[in-house]
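Survey of secondary and tertiary structure
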Amino acid sequence: MTGKPILRLDDVSKRFGGVVAADEVTFSVFPGRIHGLIGPNGAGKSTLMNLISGIYRPDGGRIYFDGRDVTDAPSHKRAVMGIGRTFQTPRFLQRSSIRDNLLLGADLGSGYGYTASFFGRKVTGFEDYVEQLLEIAGFTFEWEDDISSLPYGQRKLLEIIRSLLGAPRVMLVDEPAAGLNSREIENAMGLLDFAAKEKNIGILLIEHSMDMIMNICRDIVVINFGRVIAAGTPAEIQSNEDVIVAYLGRNLEA
Ligand code: ADP
Ligand code: MG
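Before going into details, it helps to say that this report is about the structure given with it. (Residues numbered from 1 in each chain as written. Chains lettered and ligands numbered in written order. Predicted model: local features only at pLDDT ≥ 70, side-chain atom pairs only at ≥ 80, totals over all residues. Heavy atoms only, no water.)

**What to know about the packing of helix α5 (residues 126–137) against helix α6 (residues 152–165)**
Two elements in contact, α5 and α6, have axes separated by 10 Å at closest approach and are oriented at 145 degrees. Here α5 runs over α6; the crossing is right-handed. Contact with α5, carried on its side by F126, Y129, V130, L133, L134 and A137, involves L157, I161, L164 and L165 of α6 and no other residues of that element. In the contact of α5 with α6, the residues fall into 10 nonpolar, no polar and no charged. (Axes fitted to C-alpha atoms, helices over the stretch in contact; angles between N-to-C directions. Helix = DSSP H or I, 4+ residues; strand = E, 2+ residues; numbered from the N terminus. Left-handed = near helix turned anticlockwise from the far one by under 90°. Contact = heavy atoms within 4.5 Å. Nonpolar A, V, L, I, M, F, W, Y, C, P; charged D, E, K, R; others polar.)

Structure below.
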């Protein structure tokens, strides 16, 4: 493996009561590459994203961003440092314009992470950049329209765009294809591909769509019951017996 990881998890563990949601998880994410994070429902995928973004604190292990130990850094600091994310369900300021949502896209779930990231690392040529991203995303809007006027699929794509506006170096993207039609899935893949190739962002992608995962990921890590059960290229993962038994077999039948 050449180059230094932008994100590294080292033996990260997290328990919720009797449930071990993350069990000594170790993996790295590299700049300019899309890393798939897959596994059955309840495996601990979203928990890992919450640990990386600082919403949860691990019970054990360390998290490194760009070589710095951020295990104890609060979530808004991590956002300012360059750890961006999107959520399974889009989160926006209700009854506000699209412009305000993009400018002050406050992350309602975790305080002021996005706000801090906008003021801290303001993108120059903001509107031009949004127009460029909308071309890839395949839709347009009126800046002053209410956020709720956009259909669900476009709001999900807009979440990826909003995250990109924070100029992240790592993006945590949780199930971007859920609820999207096939054209919107193509456009979501276009945005992620752009983020990795053109902006050199390291992307950690949770997704159940195997089409999407196998198409755009360079590396994949598979978890089950909070534990890494396999890691490798799409070809390696597709032919891994443990993965087929724990996840892929079931997923293909469904
Ligand atoms: P996934 O995203 O892979 O579907 P999650 O990370 O959401 O899985 O959940 C992993 C496990 O941790 C599940 O058993 C879930 O019920 C539990 N869990 C996640 N978050 C919490 C929480 N805040 N409190 C208690 N249990 C949780
Ligand atoms: Mg989840």
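Next, the rest of the story.
**Describing the side chain of K156**
As for its position among the elements, K156 is in helix α6. The buried charged residue K156 lacks any salt bridge, with E175 as its nearest oppositely charged partner at 6.3 Å. There is a polar contact of 2.6 Å between the side chain of K156 and the backbone oxygen of E175. Leaving out residues up to four positions away in the same chain, K156 has contacts with Q88, P90, E175, P176, A178 and L180. (Buried < 20%, exposed > 50% of the residue type's maximum accessible area, 1.4 Å probe, protein only. Lys, Arg positive; Asp, Glu negative; His and termini not counted. Salt bridge = Lys/Arg side-chain N within 4 Å of Asp/Glu carboxyl O. Polar contact = N/O pair within 3.5 Å; in protein donor to acceptor, adjacent residues only side chain to side chain.)

**Description of the environment of G179**
Along the chain, G179 falls in the loop between β7 (170–174) and α7 (182–199). For the pair formed by G179 and Q88, sequence separation is 91 residues and the distance between their alpha carbons is 10.0 Å.

**Some points on the pairing of strand β10 (residues 227–232)**
By the bridge criterion, five bridges tie strand β9 (residues 219–224) to β10 in an arrangement that is antiparallel. When the bridges of β10 are listed, I223 appears paired with V228. (Pairing = 2+ DSSP bridges.)

**Focus: the site of ligand 1**
Around ligand 1, the neighbouring residues are F16, V19, A21, P40, N41, G42, A43, G44, K45, S46, T47 and Y56. Within the backbone of G42, a nitrogen or oxygen atom sits 2.7 Å from an oxygen atom of ligand 1. G44 has a polar backbone atom sitting 3.0 Å from an oxygen atom of ligand 1. In the complex, the protein chains occlude 61% of the 560 Å² of accessible area that ligand 1 would expose alone. Looking at the shell around ligand 1, the elements with two or more residues in it are β2 (19–29) and α1 (45–53). The element contributing the most residues to the shell around ligand 1 is α1, with three residues. Within the shell around ligand 1, the residues separate by chemical class into six nonpolar, five polar and one charged. (Near = heavy atom within 4 Å. Areas by Shrake-Rupley, 256 points an atom, 1.4 Å probe, with all protein chains shown as cover.)

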